[in-house]
Amino acid sequence: MKKFFLPVAVLALLSTAHASQKIGVFVLGAQYERDLNASDSVRFGLGLPLAAMTNGGGALVLSGDVAFLRHTGSSSNTVQPYYGAALGLATVLGSDQNVAVGGVVLYPNVLGGLNFNVTSTVSLFAEGSVGPRAIFAAVSDGTNRASGTQIGLGYGVRLGINYTLR
């Protein structure tokens, strides 16, 4: 009986029978949120790829996160507070004519926010997050290579709009 628990749990998570689903956009990104039950949801976010071209080089930034959210009010309320925990990951790649730089940022955090329900399917949201931010980076000029790590306190703000699919 135990060997069937994990597949059943995965199928329950993927089932669309009673789960509300939202897609949204925020400043510099997009997200997908799926309700697990009446108060909990899981959200996947993807930052828009940012690229910069300079004379002789350029840079590319890719980011994403996954979050577990707990909504403390009814979705029919005009204002619906929520809180949760998330794990963010970003990568930075850059170069110019002589130097190449690469880095990874890991950002586990706690968050809190408010959904402002405009209609039954459209909501605006504002969210803040805080947690440790670890940066792992390396730089090379073709001959020499250096790397380092920096750990500090990070914070973030997310402002956007959601559309409820079902």
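Above: the structure in question.
Residues numbered from 1 in each chain as written. Predicted model: local features only at pLDDT ≥ 70, side-chain atom pairs only at ≥ 80, totals over all residues. Heavy atoms only, no water.

## So, the packing of aromatic side chains
- In the structure shown here, the tally under the stated rule is zero aromatic pairs.
- Over the aromatic face of Y107 sits the side chain of R133, whose NZ or CZ is 4.3 Å from the ring centroid.
- The side chain of R158 reaches across the aromatic face of F26, ending 3.9 Å from its centre. (Phe/Tyr/Trp six-rings, centres within 6.5 Å; stacked < 30°, edge-to-face > 60°. Lys NZ or Arg CZ within 6 Å of the ring centre and 35° of its normal.)

## Notes on the sheet that holds strand 3 (residues 40-54)
- Overall, antiparallel pairing links the eight strands, which are arranged 1-2-3-4-5-6-7-8 in a closed barrel. Recorded for the sheet is a direction-independent mean angle of 20° between the axes of neighbouring strands.
- One ladder, built from 15 bridges, connects strand 6 (residues 100-117) with strand 7 (residues 122-140); its direction is antiparallel. If you follow L111 over to strand 7, its bridge partner there is S129. (Pairing = 2+ DSSP bridges. Helix = DSSP H or I, 4+ residues; strand = E, 2+ residues; numbered from the N terminus. Axes fitted to C-alpha atoms, helices over the stretch in contact; angles between N-to-C directions.)

## Looking at the pairing of strand 4 (residues 57-71)
- In terms of strand pairing, strand 3 meets strand 4 through 13 bridges, oriented antiparallel. Bridge assignment links F44 to a residue of strand 4, and that residue is V66.
- Between strand 3 and the antiparallel strand that follows it, strand 4, lie two residues; G56 among them carries a positive phi value of about 90°.

## Focus on the nonpolar core
- By size, the foremost hydrophobic cluster in this structure holds seven residues: F26, A67, L69, Y82, A86, L111 and F125.
- Counting only elements with at least two residues in this core, the list comes to strand 4 and strand 5 (79-95). (Core = buried A, V, L, I, M, F, W, Y, C linked by side-chain atoms within 4.5 Å. Buried < 20%, exposed > 50% of the residue type's maximum accessible area, 1.4 Å probe, protein only.)

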